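# Structure assessment
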Amino acid sequence: MKNSIVTLMLLVTCSIFGQMYNPVKWSTTVEKISDKEYILKAKASIQSGWHLYGQYIEEGGPSPTAFTFKNAKKKFELIGKTTEDKGHETVDKIFDMKIKYFEDKAVFTQKIKLTSDEIPNIAAEVEFMVCDDSNCLPPSSEELSFKIPSSEKLASAEENTLIPKEDAVITKEKTVITGGEKAVVKDTKKNESRGLVSIFIIAFLSGFAALLTPCVFPMIPMTVSYFTKQSKTKAAGIRNALIYGFSIVIIYVLLGSIVTAVFGADSLNALSTNVWFNLIFFVLLVVFACSFLGAFEIMLPNSLANKVDSQADRGGLIGIFFMALALAIVSFSCTGPIVGTLLVEAASKGGIAPIVGMLGFSIAIALPFSLFAAFPGWLNALPKSGGWLNTVKVVLGFLELALAFKFLSNADLVLQLHWLEREVFLTIWIAVFGVLALYLFGKITLPHDSPLNHIAVGRLIFGLLVLSFTIYLIPGLWGAPLKLISGFPPPMHYSESPDGFGVSKSSGETKSDLPEGAEFGPQNIITFHDYNKGMEFAKKAGKPVLLDFTGYACVNCRKMEELVWSDPKVLGVLKNQIVLISLYVDDKKELPQNEQYVSETTGKKIKTIGNKWSDLQIKTYKANAQPFYVIVDHESTNLTEPSAYNPDIENYYNWLNSGIKKFKK
């Protein structure tokens with residue numbers, strides 16, 4: 001069934017490779033403020049499902065929207081910077097940065113002041129990049145014209161719509177493609193719902209972990225016994241215990257609601273990328289970890305606990321609610337660090353994530369009280385309180401400590417200080433989890449630990465798992481990708497040695513062995529970035545050519561290179577049987593003036609190397625999404641149907657071989 005679905009997707013992909021995209025239309029308006037001052041407005045109408053990026057994106061991310069105003073004969077001057085709508089913001093894990101984007105429409109405004117009595121028509125150029133859930137188009141540009149109205153005309157009522165030149169290859173119809181690059185900003189609603197579900201699950205499991213701490217676990221039999229003994233009937237005891245559990249949920253959900261209300265649903269997400277936010281929570285999580293490890297206890301004032309406890313004696317629903325509140329306060333030394341960590345993690349999701357997190361956490365806490373009240377006999381099956389509860393607390397402390405360095409890493413990445421590069425981060429994690437393994441095996445003891453005469457089977461198994469994970473991390477120091485923890489350590493390129501310590505090219509090749517114009521690319525494949533030099537070498541070598549239309553900001557291009565090209569079979573073909581020419585459509589290097597031209601296909605000026613390769617892709621293959629792969633002979637004739645994003649290793653391998661076999665005929 002799975003293979004049938006993949007085959008169907010590939011057939012659909014191949015049938016629509018020729019489609020072109022033009023998802024943004026630009027229009028301009030001018031508003032008059034005074035005789036000399038005007039506001040220029042550029043409106044982008046964005047086709048449904050597509051996203052346009054904002055102007056202010058850090059280097060290393062996708063191409064931002066940029067405006068260039070042509071000040072003809074200095075007839076006007078710009079006042080301030082070009083402003084933009086509020087839009088949407090998301091934290092992109094691939095680029096490790098906050099990215100702003102727009103959907104449906106976006107309005108950009110620029111205030112100007114005329115410096116001449118002659119009323120000009122102002123020309124401008126906008127460069128922009130758009131993505132949908134399947135494709136990221138290469139950066140494109142559009143010429144804009146702002147008509148300054150005469151004094152007799154009402155400026156704000158006029159709109160000049162820019163109508164693109166007719167072009168037979170451009171279609172306005174949106175087509176869903178299974179290949180192509182996934183947008184950095186993906187389907188927002190789907191991502192949000194998946195993010196909330198993951199937050200709920202993590203919070204729910206964290207709630208169960210909190211149950212196994214010395215502050216909460218002993219309260220289960222005590223509280224359930226209280227309800228069953230004080231209630232006149234079994235049904236009343238169950239009802240009161242259910243109300244007690246429901247009160248716990250209300251208290252923690254109320255906490256999540258307060259956090260969301262204080263910081264704002266949208267600002268939490270922005271806050272999570274702030275350097276100071278990450279530094280503060282690094283310190284906070286280290287404090288939480290030290291508390292769990294036994295250095296000290298974090299407790300709320302005893303006076304508060306006494307006041308709440310006195311209210312619990314009132315009886316009725318109010319008394320039960322205050323009993324639940326008393327539990328939350330008394331157990332704070334154990335649950336506080338877990339709740340704090342959850343709220344920090346939820347802040348990175350934004351929206352109602354703190355509320356969802358507290359809902360999952362509180363349900364896990366409340367569930368045992370309700371179940372054991374309904375079935376009191378189950379209490380006999382509970383393990384007795386003892387030193388194992390402190391062990392759980394210590395384990396949580398080590399996990400808090402490991403997580404703390406993720407926040408420190410975030411701050412380091414934003415500032416690009418290179419203090420906590422990948423090797424340093426992994427070394428710290430190896431040390432943390434290595435010491436945890438020694439603790440679980442009884443080689444290290446901490447304050448509040450009970451004497452350990454023997455190691456229980458469960459503790460031994462968990463210790464072996466931690467030790468295995470520690471050993472798994474070690475090869476990461478030598479360049480192993482460590483896919484199990486992808487997203488936690490800094491990326492591979494943020495490293496003292498991106499290829500790993502002491503690693504040389506796998507085939508023993510050095511730069512001196514490279515053909516003219518070539519360099520080592522992904523997986524140490526010899527790669528050309530110039531079309532003509534690559535074709536010239538292919539003729540000398542007698543091999544077919546793989547044209548790789550790619551981009552520096554192309555996510556799926558990197559996935560293909562890391563997951564598909566790394567396969568030994570595929571890698572063998574790419575290194576030995578074919579010549580790879582990788583053409584980056586977002587290369588910003590300017591072409592020499594004598595090589596710049598106006599595209600016959602789009603009518604746009606080709607000014608950069610990236611423009612040149614993008615125009616080649618559009619003109620020759622009627623496609624403009626990446627990754628896009630074409631196998632050609634020395635006359636640039638296609639040997640197979642082009643291929644796009646295809647994570648099926650076997651299928652991609654067969655596609656490569658089919659092109660090579662046709663070349664040899």
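What counts and how
- Residues numbered from 1 in each chain as written.
- Predicted model: local features only at pLDDT ≥ 70, side-chain atom pairs only at ≥ 80, totals over all residues.
- Heavy atoms only, no water.
- Helix = DSSP H or I, 4+ residues; strand = E, 2+ residues; numbered from the N terminus.
- Buried < 20%, exposed > 50% of the residue type's maximum accessible area, 1.4 Å probe, protein only.
- Contact = heavy atoms within 4.5 Å.
- Areas by Shrake-Rupley, 256 points an atom, 1.4 Å probe, with all protein chains shown as cover.
- Salt bridge = Lys/Arg side-chain N within 4 Å of Asp/Glu carboxyl O.
- Core = buried A, V, L, I, M, F, W, Y, C linked by side-chain atoms within 4.5 Å.
- Pairing = 2+ DSSP bridges.
- Axes fitted to C-alpha atoms, helices over the stretch in contact; angles between N-to-C directions.
- Parallel < 35°, antiparallel > 145°, perpendicular 65-115°, else oblique.
- Left-handed = near helix turned anticlockwise from the far one by under 90°.
- Nonpolar A, V, L, I, M, F, W, Y, C, P; charged D, E, K, R; others polar.
- pLDDT = per-residue confidence, 0-100.

### Quick word on the overall build of the protein chain
If you tally the helices and strands in the protein chain, you get 18 helices and 19 strands. Buried residues in the protein chain amount to 46% of all 665 residues. Long-range contacts, defined here as pairs at least 24 residues apart, represent 73% of the contacts in the protein chain between residues at least 6 apart. Carbon together with sulfur atoms contributes 60% to the accessible area of the protein chain, which is approximately 33,100 Å² in total.

### Quick notes on unusual backbone geometry
Positive phi, normally seen in glycine, also occurs at Asp 104, with a value near 70°. We note that Ser 636 has phi near 65°; this positive angle belongs to a residue other than glycine.

### Regarding the environment of Ala 437
Locating Ala 437 in the fold gives a position in helix H12 (residues 422-440). As a C-alpha pair, Ala 437 and Thr 470 span 33 residues in sequence and 8.4 Å in three-dimensional space. Leaving out residues up to four positions away in the same chain, Ala 437 has contacts with Gly 463, Val 466 and Leu 467.

### Considering the pattern of salt bridges
Scanning the entire structure with this criterion turns up six salt bridges. Where Glu 536 meets Lys 540, a salt bridge forms, and the shortest distance between an N and an O atom there is 3.8 Å. Taken together, the residues Glu 536 and Lys 540, both in helix H14 (residues 531-541) and four residues apart, mark about one turn of the helix. Note on Glu 536: relative accessible area 45%, which makes it partly exposed.

### A few points about the nonpolar core
Counting residues in each nonpolar core, the largest one holds 31 residues, and the members touching the most others are Phe 398, Leu 426, Trp 429, Phe 433, Leu 436 and Leu 473. Looking at this core, the elements that each hand over two or more residues are helix H6 (275-293), helix H11 (387-415), H12 and helix H13 (457-473). Per-element accounting of this core gives the leading share, ten residues, to H12. Discounting chain neighbours no more than four positions away, the residues touching Leu 426 are Leu 473, Gly 476, Leu 477, Leu 482, Ile 485 and Pro 489.

### Comments concerning the environment of Gly 245
If you trace the backbone, Gly 245 turns up in helix H4 (residues 234-263). Once you skip the residues sitting within four places of it in the chain, Gly 245 turns out to touch Ala 366 and Ser 370.

### Some words on the sheet that holds strand E9 (residues 121-128)
Spatially, E4-E9-E11 is the arrangement adopted by the three strands of the open sheet, whose pairing is antiparallel. Two strands lie at the open edges of the sheet, namely strand E4 (66-70) and strand E11 (140-147), each paired on one side alone. The average angle at which neighbouring strand axes cross in this sheet is 25°, direction not considered. Two strands pair when backbone bridges link them, and E9 and E11 are joined in this way by eight bridges, in the antiparallel orientation. Across the sheet, the residue bridging to Ala 123 is Ser 145, located in E11.

### Let's talk about the pairing of strand E8 (residues 105-114)
One ladder, built from nine bridges, connects strand E2 (residues 37-46) with E8; its direction is antiparallel. Paired with Ile 39 across the two strands is Lys 111, which belongs to E8. Two elements, strand E5 (residues 76-84) and E8, share six bridges in a ladder whose sense is antiparallel. Each residue of the ladder has a partner; that of Glu 77, found in E8, is Lys 113.

### Observations regarding the packing of H12 against H13
Axis separation between H12 and H13 bottoms out at 9 Å; the angle between their running directions is 160°. Accordingly, the angle class assigned to the pair H12 and H13 is roughly antiparallel. Helix-helix and strand crossings are classified by hand; for H12 and H13 the assignment is left-handed. On H13, the residues touching Leu 426, Trp 429, Ile 430, Phe 433, Gly 434, Leu 436, Ala 437, Tyr 439 and Leu 440 of H12 are Arg 459, Phe 462, Gly 463, Val 466, Leu 467, Phe 469, Thr 470 and Leu 473. When its residues are assigned to classes, the contact of H12 with H13 shows 13 nonpolar, three polar and one charged.

### A few points about the pairing of strand E16 (residues 579-584)
Summarising burial for E16: six of the six residues are buried, a large majority. Residues Val 579, Ile 581 and Leu 583 of E16 are buried on one face, and the alternating residues Leu 580, Ser 582 and Tyr 584, pointing to the opposite face, are buried as well. The sheet contact formed by strand E14 (residues 526-528) and E16 spans two bridges and is parallel. Residue pairing across strands places Phe 528 opposite Ile 581, the latter belonging to E16. Here six bridges tie strand E15 (residues 545-550) to E16, and the two strands are oriented parallel to one another.

### As for the side chain of Gln 596
Relative to the helices and strands, Gln 596 is located in the loop between E16 and strand E17 (597-598). Not counting the four nearest positions on each side in its chain, Gln 596 is found in contact with Glu 590, Leu 591, Lys 605, Ile 606 and Lys 607.

### Some remarks on the sheet that holds strand E19 (residues 628-632)
The strand order across the open sheet built from five strands is E13-E14-E16-E15-E19, with neighbouring strands paired in mixed fashion. Of all strands in the sheet, those bounded by a partner on one side alone are strand E13 (518-520) and E19. Sheet twist, expressed as the average angle between the axes of neighbouring strands with direction ignored, equals 35°. Across the sheet, helix H18 (residues 649-664) touches E15 and E19, and the angle it forms with E19 is around 30°.

### Considering the confidence of the model for the protein chain
When pLDDT is averaged across the protein chain, the result is 74; 69% of the residues are at 70 or more. Counted against residues more than four places away or in other chains, residues 151-191, with its pLDDT under 50, gives 111 contacts. Here residues 265-270 is a poorly scored stretch, pLDDT under 50, and it has 18 contacts once near neighbours within four places are set aside; other chains count.

### Focus on the packing of helix H16 (residues 568-576) against H18
Packed helices, taken two at a time, are described by the angle between their axes plus the distance between the axes. For the pair H16 and H18, interaxial distance at closest approach is 9 Å and the crossing angle is 25°. On the basis of the axis angle, H16 is roughly parallel to H18. Here the hand of the crossing between H16 and H18 comes out left-handed. When H16 is examined against H18, the residues Lys 569, Val 570, Val 573 and Leu 574 are found in contact with a partner set consisting of Ile 649, Glu 650, Tyr 652, Tyr 653, Leu 656, Asn 657 and Ile 660. Of the residues assigned to the contact of H16 with H18, the class counts are eight nonpolar, one polar and two charged.

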